[in-house]
Amino acid sequence: MTYDLATGRLARMGLLDSEALHQAGEVLEAAKSAGIETLRVLFADQHGILRGKTLVVDAFAGLFRAGLNVPSTLLLKDTSHRTAFAVWEGEQGGEVDDFVPMRGAGDVLLVPRPETFRVLPWSPHSAWILCDPVQTDGSPISFSSTQVLRRATADLDAQGLEAIFGLEVEFQIFERLDPALEHWQGVMPGAPVATRNLTQGHQFLTESRYSDCEAVLDDLRRNAQGLGLQVRSVEIEMGPSQFEFTFAPLPALQQADAMVCFRTMVKEVCSRAGLHASFMAKPRLENAMANGWHLHQSLVERSSGRNLFETEADGSLSAQASGWIAGLLTHAAECSLMIAPTVNSYKRYLPYQLAPDRIQWGWDNRGAMLRALMQPGDAASRIENRAPDSSANPYYAIAAQVLAGSAGMAAGLQAPAPTSSPYDVGAARLPRSLGQALEGFVGSDLFTATLGGEFTSYLAQLKRFEWDRYLNTVSEWEQAEYFNLF
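Residues numbered from 1 in each chain as written. Predicted model: local features only at pLDDT ≥ 70, side-chain atom pairs only at ≥ 80, totals over all residues. Heavy atoms only, no water.

> Even after reading the chapter, I still don't get the overall build of the protein chain, so can you show me in this structure?
When its secondary structure is counted, the protein chain shows 14 helices and 16 strands. What you see for the protein chain is a C-alpha radius of gyration of 23 Å, in line with the 23 Å of a compact globule of 486 residues. Structurally, the protein chain occupies a C-alpha span of about 65 × 60 × 55 Å along its principal axes. For the protein chain, buried positions account for 55% of its 486 residues. Contacts in the protein chain between residues at least 24 apart in sequence constitute 72% of all its contacts with a sequence separation of at least 6. Taken as a whole, the protein chain presents about 21100 Å² of accessible surface, with 51% of it coming from carbon and sulfur. Placing the 39 positive and 56 negative side-chain charges of the protein chain at their respective mean positions leaves the two points 3 Å apart. (Helix = DSSP H or I, 4+ residues; strand = E, 2+ residues; numbered from the N terminus. Rg over C-alpha atoms; globule rule 2.2 N^0.38 Å. Buried < 20%, exposed > 50% of the residue type's maximum accessible area, 1.4 Å probe, protein only. Contact = heavy atoms within 4.5 Å. Areas by Shrake-Rupley, 256 points an atom, 1.4 Å probe, with all protein chains shown as cover. Lys, Arg positive; Asp, Glu negative; His and termini not counted. Charge placed at Lys NZ, Arg CZ, Asp CG, Glu CD.)

> Help me understand empty space enclosed by the protein, please; the structure alone is not making it clear to me.
The gaps of empty space that remain are located by a probe, the size of a water molecule, rolled over the atoms. In total, this model carries one cavity of 30 Å³ or more according to the counting rule given. Size it by volume and the largest cavity reaches roughly 50 Å³. Along the walls of the largest cavity sit Leu328, Ala332, Cys335, Ile339, Met369, Asn385, Ala387, Gln401 and Leu430, which together make up its complete lining. When residues in the lining of the largest cavity are grouped by element, the largest group, three residues, is from helix H9 (residues 332–339). (1 Å grid on protein atoms, 1.4 Å probe; cavity = no way out; pocket = protein on both sides within 12 Å on 5 of 7 lines; lining within 4 Å. Points joined across faces, edges and corners; volume = space filled by probe spheres on them.)

> Help me understand the nonpolar core, please; the structure alone is not making it clear to me.
Grouped burial of nonpolar side chains is what soluble globular proteins tend to show. Phe262 and Met265 are the most contacted members of the largest nonpolar core, which totals 138 residues. Element by element, the count of residues in this core is highest for helix H7 (residues 252–272), at eleven residues. Not counting the four nearest positions on each side in its chain, Met265 is found in contact with Trp122, Trp128, Leu220, Asn223, Ala224 and Leu227. (Core = buried A, V, L, I, M, F, W, Y, C linked by side-chain atoms within 4.5 Å.)

> Got a minute to help me understand the packing of helix H11 (residues 434–442) against helix H13 (residues 453–471) in this structure?
Helix-helix packing: each pair is described by the crossing angle between the helix axes and the interaxial distance. Where H11 contacts H13, the axes come no closer than 10 Å and their chain directions differ by 165°. By the criterion of interaxial angle, the relationship of H11 to H13 is roughly antiparallel. As H11 packs across H13, the resulting crossing turns out to be left-handed. The residues of H13 that touch H11, namely those facing Leu434, Gly435, Leu438, Phe441 and Val442, are Phe455, Thr456, Leu459, Ala460, Lys463, Arg464, Glu466 and Trp467. Residue classes in the contact of H11 with H13 are distributed as eight nonpolar, two polar and three charged. (Axes fitted to C-alpha atoms, helices over the stretch in contact; angles between N-to-C directions. Parallel < 35°, antiparallel > 145°, perpendicular 65-115°, else oblique. Left-handed = near helix turned anticlockwise from the far one by under 90°. Nonpolar A, V, L, I, M, F, W, Y, C, P; charged D, E, K, R; others polar.)

> Help me out: how do you make sense of the layout of surface pockets in this one?
Volume-wise, the second largest pocket comes out at about 770 Å³. Along the walls of the second largest pocket sit 40 residues, with Glu168, Glu244, His294, His296 and Arg386 positioned nearest its centre. Sorting the residues of the lining of the second largest pocket by element identifies strand E7 (161–178), strand E9 (231–236), strand E10 (242–251), strand E12 (293–301) and strand E15 (370–373) as the ones contributing at least two each.

Written out as structure tokens, the structure is:
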């Protein structure tokens, strides 16, 4: 069947090339043969949360002809879903003012990425497709998740190099006791649901705990594999009700897509089963452990397939690995906003908790920010950054790794001596709050030079809005500390 996509608006604007149009035709045929009734048209927002609309079958072809309009405010919301920018004022300041659809909450256009089409194993009458948001005239949005990551990898692409990433993702699954659906709980953000553990925890990698949770973990694994995600392992983590999935290495954009699909799948599948899944960095639950997102990374020469992070014959760092490590360390503070994006993220950086609190690297050291796993002739040689947490926008987080590592290589930096004491008080600390991370990000030239002033102004405004709301909230700690005393 012919769908005449080449005459559509997206093709005329050059937003879908001939290869994408061919793939789009294959998607439409696949959807028809699979009996797909609804297509969830999605994009990864600034927090790495999938947002979008659902189309019925008669509208599928129209998506590839004309795209889909959605409100621009979806790109302007903080983590409470409040719009963090002044969309109703005619005159606004700052570089984000160039984002025309912001005025009056106008539309942006979702351009489908046909290669991301996935039938949902837990809802087989429905499918996902991921999109790039652009302005309605087709011009890119500098701070959209996919645009940021593509810009970050462009220089490596021009050099014939490719950054490869592997994922370890920690999260919790709880029994949902109360869905918090009373009218008074429908606030912004919504009241947290009431939960209890599936496991007691603190029995790391024990077989009996895996057996206790095998049914739910099997369900998640099968659905992940059904989405085409390359699961490597399923693990019982240290904390109560805490689990970890690891994934095979992939290029940057594919891995970022995999991460947002995995997080969304886990939450949807668990919710259907009366469970609550959370990727929050450190839940405020008794005895709950923090959730890290350990980001493994290597650099490959496309022409030869050679891993440039393999060590020299004597075990010393290659020039590329040394420069990459030095870049990640040098720019660690300014990258923090992109890898640890919430107020809660900074409650995770505590000593002796298998999470870093200092800016250091070490050979196979799980307390260091960077854990080097490299040997001569080992094609799996890589650097593991343990500072990101599972709430990060993966497009932004991976972009930060690429830009910081590349900057270190380009400047000819060399890694300092490795540490065997990762919590040594003499080493520089990672930021201790979102406010400190904001200061580091705003004071940096790295992202302005590589991603542009509009992006840095946008992200700073978005996260400052969230930080200010936090500062204006009286915490339970303050109430307990001062209410009786004074």
